Amino acid sequence: MTIKTHHLIAIIGIPLCLLVLIFGPASSTLTEKQLLSAGLIITAIFLFATSVLPEYVTALLLMVGAMLLAVAPAEVVFSGFNSTACWLIFAGLVMGIAIKQTGLARRIAELFGEKLTADYWRVITSTVVISSLTGFLMPSSLGRAVLLVPIAMAIADKCGFSKLSNGRIGLALAVAFGCHVPTFAILPANVPNMVFIGAAETIHHWTPAYAEYLLLHFPILGILKALIIIGLILWLYPDTPNNHTKHKNSITISTPFSKDEKKLTILLLITLAFWVTDTLHHISAAWVGLTTACILLLPNIGLVNKNSFNSQFNMGSLLFVVGILSLGAIINYSGLGQLAGALFDRWLPLSEETSFINFMVISLTGVTTGMFTTLPGVPAVLTPFAEQMSHNSGFSIQAVLMLQVLGFSTILFPFQSAPLVVAMQLADVSIKHAAKLCILLTVITIGALFPLDYLWWELLGKIN
């Protein structure tokens, strides 16, 4: 049996990293529990990144390993089940079943028309653009994924893309990355952005203005990064739509809405209205989504019956997300994230005379921290050190804080970002495809977009 490349990476990489951890400088710095935590985290990261095991199996092994090694209490290890992300994906899976079962997803796909789905580049471009623009309307990237992924997969069906085809993978990546990555440049659109605001307000008594944040980040991290995502998908996963043959379950636009479609449309519009106005009523998107899911599951009233739920509900996706959240919780509980932040502050080569190097170093610190803490942990870990970084670099505290956005918007591995993982799971596409796109996008971002961002910041007078 031939050993695949990603298997080889895991077989060599895990023991090598564990040996460095045990016999390297970290062994004299970390406590016994921190060493065990670090070993467990490294193993899980390799397994998640290489997909050697099914993702939900890795998630379960991570949680049971944490309990057997006693690196964290049960309330930390299984905190993912208490998270809003867990219940939002539960709601999303139920809503996805309803959207597919009623035929509403296929009907929305028909609205794209033959012109849009005739060319592959058009359908990928429109999916990324529409997914990104919803960041201005919906504050939750998870909510955006829940709403748009079933529709994108229906469009894939309309284009004639089979399950393992490049086209279907490309559309899944377009909606997953479009919902999440460019929207880091929109202030209230993602969880790390909100953590950033809260930490900056609490520690430094400063809150970025919506327009200022948008002007500083959206041209490069929003528009240009979206264009790069489109280009990479078209290059990595080329395909041609084959939508000349009608599917037996296809729906023409002229076909009247069924009773179930009308009920679901009304319910989804109400759900969307609550999601968009969450700043007014302060009800979490997860609880709004869970309410919708409960209504959909009600016997004789809802649109998802017992048989459909039992046969179509993807428990593996739910366990995977819980495992990813557990990973972040263990990192925070062990103190490894805070330790990494303190080491970065001590080792960073910052000087008032090298503004470009300072810009790159602080940005890359955020990227590296995100590998240890997941994305929402970046502002939580680095914000307390902003004043020291400001003193060492000569940058204003506001500039140092804003540079965190470059860090937590750059995703090297999918496991760092729950919305990305959830979207890929909802699309039923292997996470390894997202990992490939993440790595290439990170290389381009650091090599090209960060320097462009530096020039943009200089033009706006935001460097010092």
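## A look at a nonpolar patch on the surface
No. 1: Together, L8, I11, I12, L16 and V20 give the surface a local cluster of nonpolar side chains, amounting to about 470 Å² of exposed area.
No. 2: Among the structural elements, L16 can be located in helix 1 (residues 5-23).

## Some remarks on the pattern of salt bridges
No. 1: Following the criterion strictly, the structure yields four salt bridges and no others.
No. 2: As a salt-bridge pair, K163 and D428 come within 3.1 Å of each other at their nearest N and O atoms. Of this pair, K163 sits in the loop between helix 10 (141-158) and helix 11 (166-180) while D428 sits in the loop between helix 24 (418-427) and helix 25 (431-460), and the two are 265 residues apart along the sequence.
No. 3: K462 is paired through a salt bridge with E212; the nearest N and O atoms lie 3.5 Å apart. Of the two residues, K462 is situated in the segment after helix 25 and E212 in helix 13 (residues 210-236); the sequence distance between them amounts to 250 residues.
No. 4: Owing to a relative accessible area of 32%, K462 belongs among the partly exposed residues under this scheme.

## With respect to the nonpolar core
Soluble globular proteins tend to pack their nonpolar side chains together in the buried interior.
No. 1: Core analysis: the biggest nonpolar cluster contains 139 residues, and L173, F177, F196, L296, F359 and W457 have the highest contact counts within it.
No. 2: Those residues in contact with L296 that lie beyond four places of it in its chain are V94, M95, A98, L264, L267, G302, L303 and V304.

## A look at the environment of P208
No. 1: On the secondary structure map, P208 appears in the loop between helix 12 (191-204) and helix 13.
No. 2: Given the relative accessible area of 4%, P208 is considered buried.
No. 3: When neighbours within four sequence positions are excluded, P208 is seen to be in contact with L187, F196, I197, Y213 and M402.

## Focus on helix 25
No. 1: Across its 30 residues, helix 25 extends only 38 Å between first and last C-alpha, which sits more than 12% below the 44 Å expected from 1.5 Å per residue.
No. 2: The largest bend in helix 25 comes to about 40°, at T445.
No. 3: The first or second residue beyond helix 25 is G461, which carries a positive phi of 75°.

## Comments concerning the packing of aromatic side chains
No. 1: In the structure shown here, the tally under the stated rule is seven aromatic pairs.
No. 2: Here F359 and W457 contribute two aromatic rings whose centre-to-centre distance is 5.3 Å and whose plane-to-plane angle is 85°, an arrangement assigned as edge-to-face. Placement of the pair is F359 in helix 20 (residues 355-373) and W457 in helix 25, with a sequence separation of 98 residues.
No. 3: Given the relative accessible area of 0%, F359 is considered buried.
No. 4: Each member of the aromatic cluster is reached from another via a ring pair, and the members are F356, F359, Y454 and W457.

The rules behind these values
- Residues numbered from 1 in each chain as written.
- Predicted model: local features only at pLDDT ≥ 70, side-chain atom pairs only at ≥ 80, totals over all residues.
- Heavy atoms only, no water.
- Patch = residues over 30% accessible without salt bridge, like charges linked within 9 Å, V, L, I, M, F, W, Y side chains within 5 Å.
- Areas by Shrake-Rupley, 256 points an atom, 1.4 Å probe, with all protein chains shown as cover.
- Salt bridge = Lys/Arg side-chain N within 4 Å of Asp/Glu carboxyl O.
- Helix = DSSP H or I, 4+ residues; strand = E, 2+ residues; numbered from the N terminus.
- Buried < 20%, exposed > 50% of the residue type's maximum accessible area, 1.4 Å probe, protein only.
- Core = buried A, V, L, I, M, F, W, Y, C linked by side-chain atoms within 4.5 Å.
- Contact = heavy atoms within 4.5 Å.
- Expected span 1.5 Å × (residues − 1).
- Bend = angle between axes of the 7 residues up to and from the residue.
- Phe/Tyr/Trp six-rings, centres within 6.5 Å; stacked < 30°, edge-to-face > 60°.

Geometry only, nothing functional implied.
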